[in-house]
Amino acid sequence: MSRSWNRTTHAIAGAATALAVLTACGGGGDGDTAAPGADGKPVEITFWGWAKGTKDVVDAFNSSQKNVKVKFEEIPSGNAGGYAKISNAVKADNAPDLVSIEYPMLPEFVSQGSVQDIGALFGDDVKKKFLPQAVELTSLGGKSWAVPFDAAPQAFFYRKDLFTKYGVEVPKTWDEFRAAAEKVKKADAKARIGTFFPDDPTTFQAMAWQAGAQWFKAEGDTWKVNTTDASTSKVSAYWQKLLDDDLIRNNASFSPEWTNSLKSGGTIGYLGAAWGAGVLKGTLPEQDGKWAVAPIPSWDGKAASGMLGGSTFAVTKGSKKAAAAVEFAKWMTTTEAGVKARIASGTSSAFPAATELRPVAKKAFDAKFYGGQDIYQVFENAGTSINPNWSWGPSTGTTNSIIKDQFGKVSGGGATLADAVKAGHDATVAELKKRGLKVEG
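Criteria and cut-off values
- Residues numbered from 1 in each chain as written.
- Predicted model: local features only at pLDDT ≥ 70, side-chain atom pairs only at ≥ 80, totals over all residues.
- Heavy atoms only, no water.
- Helix = DSSP H or I, 4+ residues; strand = E, 2+ residues; numbered from the N terminus.
- Rg over C-alpha atoms; globule rule 2.2 N^0.38 Å.
- Buried < 20%, exposed > 50% of the residue type's maximum accessible area, 1.4 Å probe, protein only.
- Pairing = 2+ DSSP bridges.
- Axes fitted to C-alpha atoms, helices over the stretch in contact; angles between N-to-C directions.
- Contact = heavy atoms within 4.5 Å.
- Phe/Tyr/Trp six-rings, centres within 6.5 Å; stacked < 30°, edge-to-face > 60°.
- Expected span 1.5 Å × (residues − 1).
- Salt bridge = Lys/Arg side-chain N within 4 Å of Asp/Glu carboxyl O.
- Core = buried A, V, L, I, M, F, W, Y, C linked by side-chain atoms within 4.5 Å.
- Parallel < 35°, antiparallel > 145°, perpendicular 65-115°, else oblique.
- Nonpolar A, V, L, I, M, F, W, Y, C, P; charged D, E, K, R; others polar.

Points about the overall build of the protein chain
Helix and strand counts for the protein chain stand at 18 helices and 15 strands. Against the compact-globule benchmark of 22 Å for 441 residues, the protein chain has a radius of gyration of 21 Å, which places it among compact chains. Overall, the protein chain is about 70 × 50 × 40 Å in size when its C-alpha atoms are taken along their principal axes. Of all 441 residues assigned to the protein chain, the portion counted as buried reaches 58%.

Thoughts on the sheet that holds strand β12 (residues 291-294)
Judged by pairing direction, the sheet is antiparallel, and its three strands sit side by side in the order β11-β6-β12 without closing on themselves. Looking at strand neighbours, the two that pair on one side only are β11 (269-273) and β12, the edges of this open sheet. Looking at each pair of strands side by side, their axes are set apart by 25 degrees on average, direction ignored. Across four bridges, the pairing between strand β6 (residues 154-159) and β12 is antiparallel. In the sheet register, Arg159 faces β12, and the bridge partner there is Trp291. Against the sheet, helix α12 (residues 276-283) touches β6, β11 and β12, its axis set at about 135 degrees to β11.

What about the packing of aromatic side chains?
Summed over all chains, the structure comprises 42 aromatic pairs. Ring geometry for Phe204 and Phe407: centres 5.5 Å apart, planes at 75 degrees, overall edge-to-face. Of this pair, Phe204 sits in helix α9 (residues 201-211) while Phe407 sits in helix α17 (residues 396-407), and the two are 203 residues apart along the sequence. Note on Phe204: relative accessible area 3%, which makes it buried. Given the relative accessible area of 1%, Phe407 is considered buried. Ring centres of Trp390 and Trp392 lie 5.4 Å apart, and the angle between their planes is 75 degrees; this geometry places the pair in the edge-to-face category. Note on Trp390: relative accessible area 0%, which makes it buried. The class for Trp392 is buried, based on a relative accessible area of 6%. Taken together, Phe157, Phe197, Phe254, Trp258, Tyr270, Trp275, Phe351, Phe365, Phe369, Tyr370, Tyr376 and Phe379 form an aromatic cluster joined through their ring pairs.

Things to note about the sheet that holds strand β8 (residues 216-219)
Ordered in space as β8-β9-β15, the three strands form an open sheet in which the pairing is mixed. Bordering the open sheet on either side are β8 and β15 (438-440), each of which pairs with just one other strand. Between one strand and the next, the sheet's axes are offset by a mean angle of 25 degrees, whatever the strand orientation. Both β8 and strand β9 (residues 222-225) contribute to a ladder of four bridges, which runs antiparallel. Within β9, the position partnered with Lys217 by the bridge is Lys224. In this fold helix α18 (residues 417-434) packs onto β8, β9 and β15, with an angle of close to 170 degrees to the strand it touches most, β9.

Some words on helix α13 (residues 322-334)
Taking 1.5 Å per residue, 13 residues should reach 18 Å; α13 reaches 18 Å between its end C-alpha atoms and fits that length. Among the 13 residues that make up α13, twelve are buried, leaving the element largely enclosed by the rest of the structure.

Concerning the pattern of salt bridges
Inspection of the entire model under this criterion finds 21 salt bridges. Residues Glu182 and Arg178 are paired through a salt bridge, measuring 3.2 Å at the closest nitrogen-oxygen approach. Of the two residues, Glu182 and Arg178 both sit in helix α8 (residues 174-187), four residues apart, roughly one turn of that helix. Its salt-bridge partner being Arg178, residue Asp245 comes within 2.6 Å of it at the nearest N-O pair. Taken together, the residues span a long stretch of sequence, with Asp245 in the loop between α10 (230-244) and β10 (249-250) and Arg178 in helix α8 at a distance of 67 residues. A single salt-bridge network, built from bridges that share partners, covers Arg178, Glu182, Lys241 and Asp245.

Quick word on the environment of Val293
With respect to the helices, strands and loops of the structure, Val293 is situated in strand β12. Residue contacts for Val293: discarding those within four places in its chain leaves Ala155, Phe156, Phe157, Tyr158, Tyr370, Gln373, Ile375, Val378 and Phe379.

Regarding the nonpolar core
Of all hydrophobic cores here, the largest spans 112 residues; its most connected members are Phe157, Phe177, Trp239, Leu280, Tyr370 and Phe379. A total of nine residues in this core trace back to one element, the largest contributor, which is α13. When near neighbours in sequence (up to four residues on either side) are disregarded, Tyr370 contacts Phe157, Lys160, Gly276, Ala277, Leu280, Lys281, Trp291, Ala292, Val293, Phe365 and Ile375. Judged by nonpolar contacts, the second largest core, of 18 residues, contains Trp50, Ile101, Trp145 and Ala146.

Regarding α9
Summarising burial for α9: eleven of the eleven residues are buried, a large majority. Burial in α9 covers these residues: Pro201, Thr202, Thr203, Phe204, Gln205, Ala206, Met207, Ala208, Trp209, Gln210 and Ala211. Of the residues flanking the end of α9, it is Gly212, one or two places downstream, whose phi is positive at about 105 degrees.

Some thoughts on the packing of α10 against α18
The geometry of α10 relative to α18 is characterised by a closest axis approach of 8 Å and an angle of 140 degrees between their N-to-C directions. As judged from the angle between their axes, α10 and α18 are oblique. For the pair formed by α10 and α18, the contact residues are Thr232, Ser236, Trp239, Gln240 and Leu243 on the first element and Leu417, Ala418 and Val421 on the second. Classifying every residue of the contact of α10 with α18 by side-chain character gives five nonpolar, three polar and no charged.

So this is what it looks like as structure tokens:
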């Protein structure tokens, strides 16, 4: 195992340990463990997801075998309504068999009893293919709740042609990032170096994670919650100042405004994660060869990263086709054909949790958009620097919903970023107490 994955797994492991206290609330399902296609006919399963390249993966799977057939429905990304759609479908007893769930939200679904334990279908022979701690993260309380797919270290994507034109050096520190932002605006009053996403708390959380924040910590049977620690306050103040000084855009993530600004050269950078390489390539084909990828800036210039996203596949509690659903999930995450189908679509740059498939992903991704740069090496290096001390809490949905709502008020002067994360703290503490959990914060 490479050094990068050792460090990345350390980060994931910390979250797994803290989340184990949730599983007392989680529920198992009545999934049929019979082998797919045992009756001689294809088992049809339904699958909801939103990641780039997913339809290509489904099509490749359906054409490769006859035992299981997948009916795919693309839904909004989790924080854009996808998770609410999944939750509502589970409550209404009309959920699909398999769903995409990012690591931060999995414990929320476990605690609500919305997904089922797939341990009987997800043996050690498969688990050993993955980053061990990625398996830990999906194995809360000793039970397996999902099949891990990817990890998502942060990265900075930038228009190298416009950086050169404006005489801007690629920033290595956040101080340099602000100086670069000032230089971009001075060179072109209509251009900005990047975007703050008011609708996406996870990007802000990744920044806090990188800075050394610890929003959630489990000690014994008590959750310690603090979204307003010194590291987070530093991040809040920094981005607030960028917004106040009009050095950064304030557009919803992947919105028409964001996309059009990238197309026009009005925005020349994107602070994202490994999967963002495919997003830009698929969104801006006309800018082929003009983009590059760099490490995310850090506070002291040394390599440091958080994780922004990272996905798993979980079987919903009401599914009677768990075996077929897991069979498909394993194919997507552990086979060369599955990874190639996703990456070769040209829209996905996923960084597999199955370590032996990283070279497959790298080879399958056409890096011409990035001038042939070895972007997967950038992701590997970022993986070595993921802060190992972050843990996800048991009510991420509540935390993110409140912060997102408050972030939306920032541009109008109705709130500050610091106000938003404090509101998230208060709502989280109240929610955990409502659930009968012991809380400090």
